[in-house]
Amino acid sequence: MEHGIEKKKESSYEVLEYTNVEELLKKMVSDFRKEMKELGHVNIIIAGKTGVGKSTLINAAFREHLAETGMGKPVTSCCRKIEKEGVPIRIYDTVGLELNEARKRESIAEIRGLIQEKIDLGPEHADEFIHCVWYCVQSDSDRFEESEQDFVRMISEECDIPVILVITKAYLKKHAKAFASEIGSYNLPIRAISIVLAEAYEDEDFTAKPYGVPELVQTTLDVLPESARRAWVNAQQASLELKKSEALTIIKQTVSLAFGAGYSPLPMSDAVVLAPIQISMFIRITSVYGISMTKGLAASIASSLLGVAGATFAGRAIASNLIKLIPGIGTAIGGTISGGTAAMLTWALGRTYIEIMEKLFRGELTVSDLEKDEVRETIEKVLDRNLKNKEE
Ligand SMILES: Nc1nc2c(ncn2[C@@H]2O[C@H](COP(=O)(O)OP(=O)(O)OP(=O)(O)O)[C@@H](O)[C@H]2O)c(=O)[nH]1
Ligand SMILES: [Mg+2]
């Protein structure tokens, strides 16, 4: 036994037995760090003239108020890099892109140089490649100037990077749509036009609610390479729906990989094998929500979802406690549980965990709340509901 964690291989399941809670929690935290490292980064350029709303958009689209709190290191005279520990994105924010003829040429050359410099680092530095450009233009601009059109053309054609044109501050929807179709008529080499109002707009006689950023986030995901997908889902905060659909995919993958066809019924005495499979599912879902797996969160998962309390425990108790909750099973027949039961249990645990993550993400709960008796009771109820939900 190593660090209170015993690993053995039995039938087709991986068996991990935890006998020491402290070691289990440490392992969860370190597995999470590994997961975060493996996410890599997504790198995007956000360009546009001064005052069009780039910083406002960055703060709406990504976690952690990046535009204010992410260090803005000047990279070139027209670009600064925004990044923050724990958020897997690097944003190159343009400054002073005023686009008079001389400045425009200089800026394009600089941005081109930046993109090339990353490519020249070679495939082992693929984590630094620029993946996408958002070119922002304000919805109440009179027109999309020729110099801006040239800029977009050159970036897209010469650098071969997907460009999404973002119409910002679109508090007048009809006007913004007309502007979008005007821009559409220029046949620019862009992948999409998105219309956004990143922050609510208030005037004396009307207010406009923010909209469009979740769609922009989804549109961007569609043009990103697969390798940048997980980092993007983590870093963005605008679309809770995107996080949820990604989390559901993880649950489905876990269930089908772990309990798909060909698995023999699992001896009840080894039902604890479910725990490591589910723990890695919890870790991946935590990363989707951009929430940090602290020891406190790990302890809450262990106690409210895995039924582990106290300093040491007999691992085998975990699943048998949970299995009792599944209607129609009660006690496992003949001392075994089927792959189907294990799958159902995993599904219910995953669904319950998503509900917890959403509450943490929205700030309706904090990690320390999870220790409260009433919150634990609620989690048990949610789990019970998910176990009884036969629809899925
Ligand atoms: N209500 C509202 N105001 C916005 C929106 N986007 C930008 N603004 C306002 O427009 C002004 C400029 O926005 P910024 O986000 O700072 O623009 P920027 O492109 O980062 O400007 P530079 O950093 O100078 O290039 C600020 O006063 C913002 O509050 C929006 O979606 N809604
Ligand atoms: Mg700014």
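Each remark here, short or long, concerns the structure printed above.
Residues numbered from 1 in each chain as written. Chains lettered and ligands numbered in written order. Predicted model: local features only at pLDDT ≥ 70, side-chain atom pairs only at ≥ 80, totals over all residues. Heavy atoms only, no water.

S.K.: Talk me through the overall build of the chain; I want residue IDs and the actual numbers.
M.R.: On a plain count of helices and strands, the chain comes out with 14 helices and 13 strands. For the chain, the residues scored as buried account for 51% of the 392 residues in total. A sequence separation of at least 24 residues applies to 71% of the contacts in the chain between residues at least 6 apart. Surface accessibility of the chain: about 18,100 Å² in total, with carbon and sulfur atoms responsible for 51%. (Helix = DSSP H or I, 4+ residues; strand = E, 2+ residues; numbered from the N terminus. Buried < 20%, exposed > 50% of the residue type's maximum accessible area, 1.4 Å probe, protein only. Contact = heavy atoms within 4.5 Å. Areas by Shrake-Rupley, 256 points an atom, 1.4 Å probe, with all protein chains shown as cover.)

S.K.: Would you mind going over the pairing of strand β7 (residues 132-138) in detail, with residue names and values included?
M.R.: Working note: regular strand, side chains alternate between the two faces of the sheet. Of all the seven residues making up β7, seven are buried; the element is thus mostly covered by neighbouring parts of the structure. Of the two faces of β7, the one holding Cys132, Trp134, Cys136 and Gln138 and the one holding Val133, Tyr135 and Val137 are both buried throughout. The sheet contact formed by strand β3 (residues 42-47) and β7 spans four bridges and is parallel. Residue pairing across strands places Ile44 opposite Cys132, the latter belonging to β7. (Pairing = 2+ DSSP bridges.)

S.K.: Quick rundown of the layout of surface pockets? Include the residues and the values.
M.R.: Put simply, the second largest pocket is a space of about 350 Å³. Along the walls of the second largest pocket sit 18 residues, with Arg63, Gly86, Gly290, Ile291 and Ser292 positioned nearest its centre. Among the elements that take part in the lining of the second largest pocket, helix α1 (residues 21-39) stands out by supplying four residues, more than any other. Its residues placed into classes, the lining of the second largest pocket shows nine nonpolar, five polar and four charged. (1 Å grid on protein atoms, 1.4 Å probe; cavity = no way out; pocket = protein on both sides within 12 Å on 5 of 7 lines; lining within 4 Å. Points joined across faces, edges and corners; volume = space filled by probe spheres on them. Nonpolar A, V, L, I, M, F, W, Y, C, P; charged D, E, K, R; others polar.)

S.K.: Which residues make up the nonpolar core, and what values do they have?
M.R.: With 78 residues, the main nonpolar core has Phe62, Ile89, Trp134, Trp232, Ile285 and Tyr353 as its most contacted residues. Sort the elements by how many residues they give to this core and helix α13 (residues 339-362) lands first, with ten residues. The residue makeup of this core includes at least three contributed by each of domain 1 (5-37 + 239-388) and domain 2 (40-235). In this structure, Ala47, Tyr92, Ile161 and Leu188 belong to the second largest nonpolar core, which totals 30 residues. (Core = buried A, V, L, I, M, F, W, Y, C linked by side-chain atoms within 4.5 Å. Domains from an automatic or database assignment.)

S.K.: Help me get a handle on the site of ligand 1, residues and values and all.
M.R.: By nearness alone, 13 residues border ligand 1, and Thr50, Lys54, Ser55, Thr56 and Ala198 come closest of all. A distance of 3.3 Å separates an oxygen atom of ligand 1 from a polar backbone atom of Val52. The protein chains hide 68% of the 640 Å² of surface that ligand 1 would expose on its own. When residues of the shell around ligand 1 are assigned to their parent elements, the largest contribution, three residues, is made by helix α2 (residues 54-61). Residues belonging to the shell around ligand 1 are distributed by class as follows: five nonpolar, five polar and three charged. (Near = heavy atom within 4 Å. Polar contact = N/O pair within 3.5 Å; in protein donor to acceptor, adjacent residues only side chain to side chain.)

S.K.: Please set out empty space enclosed by the protein residue by residue, giving values where relevant.
M.R.: Rolled over the atoms, a probe with the dimensions of a water molecule shows which regions are left empty. Taken as a whole and judged by the stated rule, the model has two cavities of 30 Å³ or more. Sorting elements by how many residues they give to the lining of the second largest cavity places helix α11 (residues 295-305) first, with five residues. Residue composition of the lining of the second largest cavity, by class: six nonpolar, two polar and no charged.

S.K.: Explain the environment of Gly184 to me, and be specific about the residues and the numbers.
M.R.: When you line up the elements, Gly184 lands in helix α6 (residues 173-184). In sequence terms Gly184 and Leu165 are 19 residues apart; their C-alpha atoms lie 9.9 Å from each other.

S.K.: Would you mind going over α6 in detail, with residue names and values included?
M.R.: Across its twelve residues, α6 extends 16 Å between first and last C-alpha, which sits within 8% of the 16 Å expected from 1.5 Å per residue. Where α6 is concerned, the buried positions are Ala176, Phe179, Ala180 and Ile183. Buried residues of α6 fall within an arc of 105 degrees about the axis and therefore sit on the same side. Along α6, exposed side chains directed more than 90 degrees from the buried face belong to Lys174 and Lys177. Looking at the packing, one finds that the buried side of α6 touches β7, β8 (163-168) and β9 (192-195). (Expected span 1.5 Å × (residues − 1). Arc of directions from axis to C-beta.)

Purely geometric stuff here, so don't read any function into it on its own.
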